[in-house]
Amino acid sequence: MRTLLQVAMVLLLSSGSAFAQSSKAAAAINTVTVCANNSTAACSDARTGTGTWQAVMATTIKTSNVADLFIGTSLVTGLYTSTTVKGNGSGSTSTATAMGSVKVRILIDGKPAVAYPDTTGDGVIFDARIQTLTANLGYIFSDCFASGGTTGTGCTLTPEQISLALETSSAHSFNFIALNVGTGLHTLEVQAMVNASGSGTNGGSFVSNALFGLGSLTVEAARMVNSFSF
C-alpha cells in the first residue's frame, strides 16, 4: 500500500511532466552553418551582395486565447574581411572595401511578423562590418644591384602592397515581442540573411565572408494587460 507521501510525490512528478509539455512555451535549435562570400552566390549575389532570406529554425505553439508572444532567438555569427591595396606608376590612391553582415527576422504563420522592435519585418542586424583600406603607394627596388650595378641602371621596380585581414565570431541574441497573435496553432520561423560584398580601385582587391551557425529559438505565450502598446 502506498503511503500518503508516495502518492503526493507521484502527483507532483506527474504535474511537472505535464507542465513541461505545456503549449505555453516552445523551443528549437539550429546546427547548420550557412555562409556567403564574394566568389559564390549560394546565399548572396556576388556582384551586389544582396542576400536572400534563409530558413534557420522553426517551432509551433498553441494559444488558447488572444495571446502575446515573447520570442527569443540567438545565433553564432562570423565575419571575415580582407583588403589589399597596391602602388601604381601614376601615384593614384588605391582603395579596397570589404563588407559583411547577418540579419535576422521572425515569421509567424509564414508571414514576416510585426514583432517589436522590428515593426517593419525587415529584420534586425546581428552582425555587420565595413572595412576600408586606403593608401598612396609607389614602387620599391628589387634585384637592382644584381641587374644593373650601383648606378640603378636596369633596376626592377615592384609595386608596394599592404594587406589587412580581420576575422571574428561571436554569439548574439535578440528578443522580439509579437502582440495579439490570436488563438490557435501558430508556426514561428527564424530566418537569416547573410551578405558579403566589396569593391576595389587602382589595384585594390577584397575578400569578404559572412556566416551563421549554432542557434536557438524560444517562444513563450503570455497575456499582457488590455490595450498594451509600445
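The text that follows walks through the structure, step by step, so that each part is easy to find. (Residues numbered from 1 in each chain as written. Predicted model: local features only at pLDDT ≥ 70, side-chain atom pairs only at ≥ 80, totals over all residues. Heavy atoms only, no water.)

Further remarks concern the overall build of the chain. A count of helical and extended segments in the chain gives two helices and twelve strands. Starting at the N terminus and ending at the C terminus, the chain contains elements arranged as α-β-β-β-β-β-β-β-β-α-β-β-β-β. Per-residue burial for the chain yields a buried fraction of 37% across its 230 residues. In the chain, 83% of the contacts between residues at least 6 apart in sequence involve partners at least 24 apart. Carbon and sulfur atoms provide 57% of the accessible area of the chain, an area that totals close to 12900 Å². (Helix = DSSP H or I, 4+ residues; strand = E, 2+ residues; numbered from the N terminus. Buried < 20%, exposed > 50% of the residue type's maximum accessible area, 1.4 Å probe, protein only. Contact = heavy atoms within 4.5 Å. Areas by Shrake-Rupley, 256 points an atom, 1.4 Å probe, with all protein chains shown as cover.)

Let us look at the packing of aromatic side chains. Summed over the entire model, instances satisfying the criterion amount to one aromatic pair. Ring centres 5.1 Å apart and planes at 55 degrees place the aromatic pair Phe-174 and Phe-176 in the tilted group. On the basis of relative accessibility, which here comes to 26%, the residue Phe-174 falls in the partly exposed class. Residue Phe-176 is classed as buried on the basis of its relative accessible area of 1%. (Phe/Tyr/Trp six-rings, centres within 6.5 Å; stacked < 30°, edge-to-face > 60°.)

Moving on, we come to the side chain of Thr-59. Inspection of the secondary structure assignment puts Thr-59 in strand β3 (residues 54-63). Residues in contact with Thr-59, not counting those within four places in the same chain, are Ala-26, Ala-27, Ala-28, His-186, Thr-187, Leu-188, Leu-217 and Val-219.

As a further point, take the nonpolar core. Generally speaking, soluble globular proteins have nonpolar side chains that are buried together. Membership of the largest hydrophobic core comes to 32 residues, with the highest contact counts inside it found for Leu-69, Ile-71, Leu-75 and Phe-212. In terms of residue count, strand β12 (residues 205-222) provides more of this core than any other element does, five residues in total. (Core = buried A, V, L, I, M, F, W, Y, C linked by side-chain atoms within 4.5 Å.)

On to the environment of Gln-131. With respect to the helices and strands, Gln-131 occurs in strand β7 (residues 124-135). Once the C-alpha coordinates of Gln-131 and Ala-96 are considered, the two residues, 35 residues apart in sequence, prove to be 8.2 Å apart. Every residue in contact with Gln-131, bar those within four places of it in the chain, is listed here: Thr-81, Ser-82, Thr-83, Ala-96, Thr-97, Ala-98, Leu-164, Ala-165 and Leu-166. Reaching out from Gln-131, the side chain makes a polar contact with the side chain of Thr-81 at a distance of 2.5 Å. A polar side-chain atom of Gln-131 sits 3.0 Å from the main-chain carbonyl oxygen of Leu-164. (Polar contact = N/O pair within 3.5 Å; in protein donor to acceptor, adjacent residues only side chain to side chain.)

With that settled, the discussion passes to unusual backbone geometry. Between Tyr-116 and the following residue, Pro-117, the backbone shows a cis peptide bond with an omega angle of 5 degrees. Note that Pro-117 resides in the loop between β6 (111-112) and β7. Unusually for a residue other than glycine, Asp-109 sits at a positive phi of about 55 degrees. Within the secondary structure, Asp-109 sits in the loop between β5 (94-108) and β6. On the accessibility criterion, Asp-109 (42% relative accessible area) is partly exposed.

On to the pairing of β5. The buried fraction of β5 is high, at twelve of 15 residues. Relative to β7, β5 is paired through eleven bridges, and the arrangement is antiparallel. Counted as the bridge partner of Val-104 is Val-124 from β7. Looking at chain direction, β5 and strand β11 (residues 184-201) are connected through 14 bridges and run antiparallel. The residue bridging Thr-95 from the neighbouring strand is Thr-201, located in β11. Examined bridge by bridge, β5 and β6 share two bridges and lie antiparallel to one another. In the sheet register, Ile-108 faces β6, and the bridge partner there is Lys-111. Connecting the antiparallel pair β5 and β6 is a turn made up of two residues, with Asp-109 showing a positive phi of about 55 degrees. (Pairing = 2+ DSSP bridges.)

Keep in mind these numbers describe shape, not what the thing actually does.
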